[in-house]
Amino acid sequence: MASPSHKHPAHEKKALQLRLRKIAGQINAIERMVGEDRDCPEVLTQVVSARKALKAFAELVIHDHLHHCIEGAHTPKESQRKLRELLAVLQRFVE
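Residues numbered from 1 in each chain as written. Predicted model: local features only at pLDDT ≥ 70, side-chain atom pairs only at ≥ 80, totals over all residues. Heavy atoms only, no water.

*Asks:* Describe in detail the packing of helix 1 (residues 10-35) against helix 2 (residues 40-70), supporting the description with residues and values.
*Replies:* Geometrically, a packed helix pair is captured by the angle between its two axes and the distance between the axes. Between helix 1 and helix 2, the least distance of the axes is 10 Å, while the angle of their chain directions is 160 degrees. Between helix 1 and helix 2, the angle falls in the class roughly antiparallel. For the pair helix 1 and helix 2, the sense of crossing is left-handed. In the contact of helix 1 with helix 2, the residues fall into 16 nonpolar, four polar and four charged. (Axes fitted to C-alpha atoms, helices over the stretch in contact; angles between N-to-C directions. Helix = DSSP H or I, 4+ residues; strand = E, 2+ residues; numbered from the N terminus. Parallel < 35°, antiparallel > 145°, perpendicular 65-115°, else oblique. Left-handed = near helix turned anticlockwise from the far one by under 90°. Nonpolar A, V, L, I, M, F, W, Y, C, P; charged D, E, K, R; others polar.)

Right, here's the structure in full:
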C-alpha cells in the first residue's frame, strides 16, 4: 500500500496508465478471439504479446520504485526496508 508521501511525477503515472489501458485492450481482444473460436495459434500469439507487455510494465514499475522510493527514502533504514520489500516481491515475480 502506498504511503501518503508516495508520489510519482504525473507524466510517469500517465504513461503507466496508458500502458495498462493497452494491456487491458489486448486482454479484451483475447477474450473476443476465444468467443469467436479463433485458431489457437492466433490466440496464443496475442497471449504472448500481452504477457510481454505486462512484463515490460512490471520492469518500468521496478525501475521507478528503485529510483523514486528506495533512492528517495528519507533514512537509510527506510531505504533498507523498502529494498527488502522489493526483493520479496521480485522473488515471486521471477517464479
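*Asks:* So, unusual backbone geometry: which residues are in play, and what are the values?
*Replies:* With a phi angle near 55 degrees, Asp37 is a residue other than glycine that sits in the positive phi range. Residue placement: Asp37 occurs in the loop between helix 1 and helix 2.

*Asks:* Just give me the short version of a nonpolar patch on the surface, but keep the residues and values in it.
*Replies:* A contiguous nonpolar patch, built from Leu66, Leu83 and Leu87 and spanning about 240 Å² of accessible area, is present on the exposed surface. Looking at Leu66, the relative accessible area reads 34%, which means it is partly exposed. (Patch = residues over 30% accessible without salt bridge, like charges linked within 9 Å, V, L, I, M, F, W, Y side chains within 5 Å. Areas by Shrake-Rupley, 256 points an atom, 1.4 Å probe, with all protein chains shown as cover. Salt bridge = Lys/Arg side-chain N within 4 Å of Asp/Glu carboxyl O. Buried < 20%, exposed > 50% of the residue type's maximum accessible area, 1.4 Å probe, protein only.)

*Asks:* Can you explain the side chain of Lys82? Please cite residues and give values.
*Replies:* Tracing the backbone through its elements, the reader meets Lys82 in helix 3 (residues 76-93). With sequence-adjacent residues up to four places away left out, Lys82 is seen in contact with His65, Cys69 and Ile70. (Contact = heavy atoms within 4.5 Å.)

*Asks:* Please give an account of helix 1 that cites residues and values.
*Replies:* Between its terminal C-alpha atoms helix 1 stretches 37 Å, which fits the 38 Å expected from 26 residues at 1.5 Å a residue. Those residues of helix 1 that fall on the buried side of the exposure criterion are Glu12, Leu16, Ile23, Gln26, Ala29, Ile30 and Met33. On its buried face, helix 1 is in contact with helix 2. Immediately downstream of helix 1, the backbone of Asp37 shows phi near 55 degrees, a positive value. (Expected span 1.5 Å × (residues − 1).)

*Asks:* Give a detailed account of the side chain of Gln26, specifying residues and quantitative values.
*Replies:* With respect to the secondary-structure elements, Gln26 resides in helix 1. A residue is classified by how much of its surface remains accessible, and Gln26, at 19% relative accessible area, is buried. In contact with Gln26, not counting residues within four places along its chain, are Ser49, Ala50 and Ala53.

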